[in-house]
Structure formats: structure tokens, C-alpha cells
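# Structural overview for review
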Amino acid sequence: MEVEQTALPGIGLRHEFVTQAGRRIGVVSHRTGRRDLIVYDRLDPDRACEAIKLNDEESDALAELLGAPRIVQRLNALHREVEGLVSEQLPIAPGTPYAGRPMGDARVRTRTGTSIVAVVRAGQVIASPGPEFVLQAGDVVVVVGSSEGTEAVAEIMANG
């Protein structure tokens, strides 16, 4: 997909692309941090038919909503390309040993050689969480490694 970038002097940057269905979509990133989501007229691609102003929090929420499924898709594609690489999504159930504890307490990489690459919490993706990240019941941990390693992480998360 081709994304066009245009500098807007005194304002910021505009990024635009055309969807597979032929709709032109744009995002104006203001120097202030505000983002405008632009939907262009189907018949006149130079005319905006809708402009939605988003603050930082709204921009982040939209990015996470759109990005969560894509991260999982990319990981799945990667493990199909690399022999022996597996990605798994492991739910953190209430009452499990690591619910309410920092992720580093599990020592997953040290014990299994497997990496936790993301945590999905309430539909939002936290990519590359650090060892201080506190896991909560209901989180879904995304792990990448060998099939044996991901199975070991599932056991660790469930039983300690």
C-alpha cells in the first residue's frame, strides 16, 4: 500500500492512502499533537466530506484498536515463514500465580527461551512490555518461541 506524506508548513504532516474500495483516507498530524482523521469525497478526492478531530488519547485508542489484530496477524505470518517459530495467545485467568504481579517475576525468557512480545488488555495492545509491567486477570499474553517454549509459558502462567 502506498502512503503519501505531505508537509503542511506551520501545521504538521498529512498522510493519505487509497483503500482497496477506492476511498481516500488521510490523517493530519498537527505539531500540537492533535490528529485529524479525514475521509475524502468519493467523487471529488480533493474535497473532505468528513474531518474528525482526535486528541492524543483518542488517537492512541484508535491506533490500538486497529493495531491489535494486525500484530497477531503479522506474528502468525512470521511463524509460517520461519520453521519452528510459534506464536501463542495465552489468557491470564483470575487466581493464577502471576495475576497482579510484575511480568518479570515469571522469568519466562530465562526459564523457556520464549519471549512475551505483547499483552492485550481490554482490546488494547501493549507492545513489548517490560519486566515491571503488572499482569492482570483477563490479560492475553502474546508469546513467540518454539512450540515447547510456548507450552512451557502456558504452564508457568497457569501454575507458576
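Residues numbered from 1 in each chain as written. Predicted model: local features only at pLDDT ≥ 70, side-chain atom pairs only at ≥ 80, totals over all residues. Heavy atoms only, no water.

As a further point, take the overall build of the chain. The helix and strand inventory of the chain stands at three helices and nine strands. Taken from N to C terminus, the helices and strands of the chain fall in the order β-β-β-β-β-α-β-α-β-β-β-α. Taken across its 160 residues, the chain has 31% of its residues classed as buried. Considering only contacts in the chain between residues 6 or more positions apart, those separated by 24 or more positions represent 42%. For the chain, the exposed area adds up to about 9900 Å²; of that, 53% sits on carbon and sulfur atoms. (Helix = DSSP H or I, 4+ residues; strand = E, 2+ residues; numbered from the N terminus. Buried < 20%, exposed > 50% of the residue type's maximum accessible area, 1.4 Å probe, protein only. Contact = heavy atoms within 4.5 Å. Areas by Shrake-Rupley, 256 points an atom, 1.4 Å probe, with all protein chains shown as cover.)

Once that is clear, we can look at the side chain of Thr150. The residue Thr150 is located in helix H3 (residues 147-159) in this model. Overall, the relative accessible area of 4% leaves Thr150 in the buried class. In contact with Thr150, not counting residues within four places along its chain, are Val86, Glu88, Leu90, Thr114, Val143, Val144 and Gly145.

A surface patch of negative charge is lined by Asp56, Glu57, Glu58 and Asp60. Tracing the backbone through its elements, the reader meets Glu58 in helix H1 (residues 56-81). (Patch = residues over 30% accessible without salt bridge, like charges linked within 9 Å, V, L, I, M, F, W, Y side chains within 5 Å. Salt bridge = Lys/Arg side-chain N within 4 Å of Asp/Glu carboxyl O. Lys, Arg positive; Asp, Glu negative; His and termini not counted. Charge placed at Lys NZ, Arg CZ, Asp CG, Glu CD.)

For the rest of this paragraph, the subject is the sheet that holds strand E7 (residues 115-121). Strand order in the open sheet made by the four strands is E6-E9-E7-E8, with antiparallel pairing throughout. At either end of the open sheet lies a strand with only one pairing partner, and these are strand E6 (86-91) and strand E8 (124-127). Put simply, the sheet's adjacent strands are angled 25° from each other on average, direction ignored. Across five bridges, the pairing between E7 and strand E9 (residues 140-145) is antiparallel. (Pairing = 2+ DSSP bridges. Axes fitted to C-alpha atoms, helices over the stretch in contact; angles between N-to-C directions.)

Moving on: the pairing of E7. For E7, the buried fraction is high: five of the seven residues fall into the buried class. Pairing of E7 with E8, which is carried by four bridges, proceeds in the antiparallel orientation. For Val120, the partnering residue across the bridge sits in E8 and is Val125. Connecting E7 to the antiparallel partner E8 that follows it, the hairpin turn spans two residues, and Ala122 within it adopts a positive phi of roughly 50°.

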